[in-house]
Amino acid sequence: MGDVQTQHRTCNICEAMCGLIVEHDGENVLSIKPDVNDPLSRGHICPKAVALQDFRTDPDRITAPMLKVDGVFQEITWDEAYDIATEKLRAVQEVHGRDGVGVYLGNPNAHKFGNLLNLPALVKALGTKNRYSSATADQIPHHVASIHMLGHPMLIPVPDVERTDFMLIIGGNPVVSNGSMMTAPGFGKRIDEIKSRGGCVVVIDPRRTETAEKASDHLFIRPETDAFLMLALIHEVFAAGLVDLGALAGKVTGLEALQEAVTPFTPDLAAKRTGIPANIIRQLARDFATSPSAVCYARMGASTQSFGSLCQWANNALNIITGNFDHEGGAMFTTPALDYVGMTSRKGQERTYPERRSRVSGQPLYNGEFPVSVMAQEMETPGEGQIKALVCVAGNPVLTAPNGRRIEQCLEGLDFMLAIDIHVNDTTRHADLILPGTVALEEDIYDMVFHSFAVRNTAAYAPAIFAPPKGNPKEWEVIARLTARLTGANQIGPSPEQFLSMLLPQGYHGDTVSVAALLEAGQSVDLGPLVPNVTTRLETSDAMIHVAPDVFVEDLPRLLNFAPAQDQSYPLQMIGRRQVRSHNSWTQNSPRLVKGRNRCTVEIHPEDAARLGVTDGSDVQVRSRVGDVIMPAEVTDVMALGVVSIPQGWGQKNGNIGAASAQPTTSINDLTDDRRIDPISGNAAFNGVAVSVTPV
Ligand SMILES: Nc1nc2c(c(=O)[nH]1)N[C@H]1C(S)=C(S)[C@@H](COP(=O)(O)OP(=O)(O)OC[C@H]3O[C@@H](n4cnc5c(=O)[nH]c(N)nc54)[C@H](O)[C@@H]3O)O[C@H]1N2
Ligand SMILES: Nc1nc2c(c(=O)[nH]1)N[C@H]1C(S)=C(S)[C@@H](COP(=O)(O)OP(=O)(O)OC[C@H]3O[C@@H](n4cnc5c(=O)[nH]c(N)nc54)[C@H](O)[C@@H]3O)O[C@H]1N2
Ligand code: SF4
Ligand SMILES: [Mo]
């Protein structure tokens, strides 16, 4: 045991980047506390931050390369592991071509800058078009809206929560999730601040969420009908003569086309589809448009549904036509120290979208990745381009992708699967070889992605606190060494810190922010509130904002034809939910996070429950077209009538994770349907799945 030391670092579990103070003695964590001086999180943390220490010491963690021999994992050396991985992957590619190897990259990669900097080279070395990630289970509609309206997928507007007078939250639960495509730690306090300066927060959600409870107002909405609401708000803003582009006047094209496109989407039609009365929709439009500042923020519930792209387009369009785009208190654009948009600039490059279509069912490819909902059919369907081997880095699609068990069956049929992960779980247990990853406290941290989505510009860098177990390399180095074997290179490239040193000088704060300066500061540095800037950054061919791109307008007939399915065998609609003490599918080994009652319940409205004979706490069977599960019911009027909610991330059945959870749980993705996607973006439509619930 050494001297007690403290380190300031940001938490990298979710997008919130909370500032932490970690006290340790070189061997063990002594405490993890919130950093009240962090300019972004201002003292907020959640219970998952304290659990960061558990992920390191988890006895079930993989700490050596593991090769499956006769169905049983055995430890092998790193040299053997790199050799086997290279040989097997190349062997598959020799027989089946480069596309014979598929790649799936999971969510934790977005939070690990060493991975982000090294994975592109690995993917390039494999040379496969069969690329997938959790992004198509999450956020592609946001990127698609930005591509067509602003010309760059990563130019994503972020609500200026610190200054807004009116926030309309559609399908997000930031009090629990701490924000997504909106890094906003401590969102409950931020709602209080908006209200105490005389502002207002309205939540639109089929569930009266933790965010709705804190907000000024909550309106229940039928799942998947949000586009009707947002287009009706736009309709009403035009009708009331309240269009005002503000500083963007002369920078926006397509206003007339927008007005024409929304003509059929009256508040009356929206009322029929959404269940929100027309007079309330009209009033909401006027309040929004006449507020000194306002911002509409549509997230998961509005993007992972059948009309996800229309929702993200309408969301931007509403902010634009009310003068709330690139404007204080509206939807703004970050100027982070590491300029991710600039690094990936497409200025002057002619591009067509979608970039490609999938082999079997012709689904769209954006940002170089196919929808994860087609991964199973691309493994199942013979022919040139069939996936015969998989490289899965920090991903758990069996539990996180729609119809995950179909993917699970396909994994068994592969010639070879390589995983880089920390656990044997429902996905990685199908691997032939698993290379151990390293966890947060063993890695340097600089958040490459989420500063781009933060409600305030800040920057923070901290080195690793502990060495990885058993002298293992850090995860970025594992990826780099594997890449070097594949390419035959005899050395690996720069370390993440060296990369960062090269990239920061090119960013928006290059004269003050460097690795050395951040180390010297020893904690998160404040780079100020968001500033208007988008007109200099547009990458559309005419450098204008396109408020009515054809791709969205052409999808409107599909929306007009939408009527919720009337299948009496599946009379209810299922949506997902997030919970404070779990993060996606991988935190269920931390006893402090899983303790207490079984939280993997299906929430159902009391009237639905009474009609179906379901009682609170009793087991029910939930069934959809693709599968069925048995789980406890929670009868609660937080749910809209006709809608049930199941949390995502549970259902660990096989492998060494989930044991700390006292009760067996179920995976929502045993029920979600991989046939349901938003056709413009290819994003999975997790919400609005038709299900039945019956007592058992
Ligand atoms: N029905 C439904 N499904 C959903 C969602 C939903 O709301 N509803 N949400 C979707 C969303 S938004 C997302 S982002 C996806 C997430 O989908 P995934 O990215 O596939 O799943 P995660 O649960 O994040 O799993 C991460 C994997 O990484 C491993 N891991 C954790 N930390 C590390 C590490 O440091 N290094 C390495 N190498 N491995 C690590 C874990 O063991 C686990 O296997 O799920 C999606 N699925
Ligand atoms: N504690 C915790 N925090 C997390 C995560 C976690 O697993 N746990 N995951 C992280 C990740 S990967 C992401 S992407 C973010 C996501 O962060 P959020 O976007 O805030 O996602 P959710 O909390 O799933 O909230 C989605 C909301 O949409 C509602 N909803 C469902 N269907 C519809 C619909 O059709 N219309 C409308 N209007 N609403 C609907 C749901 O009831 C729910 O309240 O959270 C991140 N933060
Ligand atoms: S809210 Fe997210 S970033 Fe903040 S402490 Fe919790 S898990 Fe970490
Ligand atoms: Mo996500």
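Within each chain, residue numbers correspond to sequence positions counted from 1 in written order. Lettering of chains starts at A and numbering of ligands starts at 1, both following the order in which they are written. Predicted model: local features are reported for residues with pLDDT of at least 70 only, side-chain atom pairs are reported and counted for 80 or more only, and whole-chain, interface and lining totals are derived from all residues. To obtain the side-chain values, all non-hydrogen atoms of the structure were included, while hydrogens and water were left out.

Colleague: Hey, could you run me through the overall build of the protein chain in this one?
Modeller: Secondary structure is summarised from DSSP: a helix means a run of H or I of at least four residues, a strand means a run of E of at least two, and numbering begins at the N terminus for each. Assigned secondary structure in the protein chain consists of 25 helices and 28 strands. We compute the radius of gyration from the C-alpha atoms alone; for a globule the expected value is 2.2 Å times N to the 0.38, where N is the number of residues. Scaling as 2.2 N^0.38, a compact globule of 696 residues should have a C-alpha radius of gyration of about 26 Å, and the protein chain matches this with 24 Å. Taken along the three principal axes of its C-alpha coordinates, the protein chain extends 70 × 65 × 50 Å. Relative accessibility thresholds used throughout: buried, under 20% of the residue-type maximum; exposed, over 50%; partly exposed, between the two (1.4 Å probe, protein chains only). When burial is assessed residue by residue, the protein chain has 64% of its 696 residues classed as buried. Any pair of residues with heavy atoms lying within 4.5 Å of one another is described as a contacting pair. Taking as baseline every contact in the protein chain between residues at least 6 positions apart, the subset at least 24 positions apart corresponds to 75%. Residue exposure ignores everything except the shown protein chains as possible cover, and the areas themselves are Shrake-Rupley values with a 1.4 Å probe. Taken as a whole, the protein chain presents about 24,500 Å² of accessible surface, with 50% of it coming from carbon and sulfur. Computing the positive centroid from 59 side-chain charges and the negative centroid from 79, the protein chain places the two 2 Å apart. In this tally, Asp and Glu contribute negative charge and Lys and Arg positive charge; neither His nor the terminal groups of the chain are included. Just so you know, the charge point we use is NZ for Lys, CZ for Arg, CG for Asp and CD for Glu.

Colleague: How should the packing of aromatic side chains be read in this particular structure?
Modeller: Each pair of aromatic rings is reported with the distance of its centres and the angle of its planes. Pairing of aromatic rings covers Phe, Tyr and Trp, the last through its six-membered ring, and needs centres within 6.5 Å; plane angles under 30 degrees mean stacked, over 60 mean edge-to-face, and all others mean tilted. Within the structure shown, the criterion is met by 11 aromatic pairs. An angle of 40° between the planes, with centres 6.1 Å apart, marks the rings of Tyr-132 and Phe-370 as tilted. In this pair, Tyr-132 is assigned in strand S7 (residues 131–133) and Phe-370 in the loop between strand S16 (364–365) and helix H16 (375–380), connecting sequence segments 238 residues apart. Residue Tyr-132 shares its accessibility class with Phe-370, and that shared class is buried. Every member of this aromatic cluster is reached through a ring pair, and the members are Phe-228, Phe-265, Phe-307 and Phe-562. Lysine and arginine charges are scored as sitting over a ring when NZ or CZ, respectively, is within 6 Å of the ring centre and within 35 degrees of the ring normal. Seen from the ring of Phe-466, Arg-56 lies directly overhead, with NZ or CZ sitting 3.5 Å from the centre.

Colleague: Explain the environment of Gly-250 to me, please; I cannot follow it from the model alone.
Modeller: Topologically, Gly-250 is positioned in the loop between helix H9 (226–239) and strand S12 (252–253). Along the primary structure Gly-250 and Ile-545 are separated by 295 residues, whereas in three dimensions their C-alpha atoms are 9.5 Å apart.

Colleague: Looking at this structure, I do not really get the site of ligand 2. What am I missing?
Modeller: In the region of ligand 2, 36 residues are neighbours, and Ser-177, Asp-205, Glu-224, Asp-226 and Ser-582 sit closest. Pairs of N or O atoms within 3.5 Å make up the polar contacts considered here, provided that, within protein, one atom can donate a hydrogen while the other can accept it, and that residues adjacent in sequence are counted only when both atoms are side-chain atoms. A distance of 3.1 Å separates a nitrogen atom of ligand 2 from a polar atom in the backbone of Ile-204. A distance of 2.8 Å separates an oxygen atom of ligand 2 from a polar atom in the backbone of Glu-224. For ligand 2, whose unbound accessible area comes to 910 Å², protein coverage reaches 98%. It is helix H6 (residues 174–177) that provides the largest number of residues to the shell around ligand 2, a total of 3 residues. Gly counts as polar in this scheme, as do all residues outside two lists: the nonpolar Ala, Val, Leu, Ile, Met, Phe, Trp, Tyr, Cys and Pro, and the charged Asp, Glu, Lys and Arg. Split into classes, the residues belonging to the shell around ligand 2 amount to 11 nonpolar, 16 polar and 9 charged. The cutoff for a nearby residue is simple: one of its non-hydrogen atoms must lie within 4 Å of the molecule or strand.

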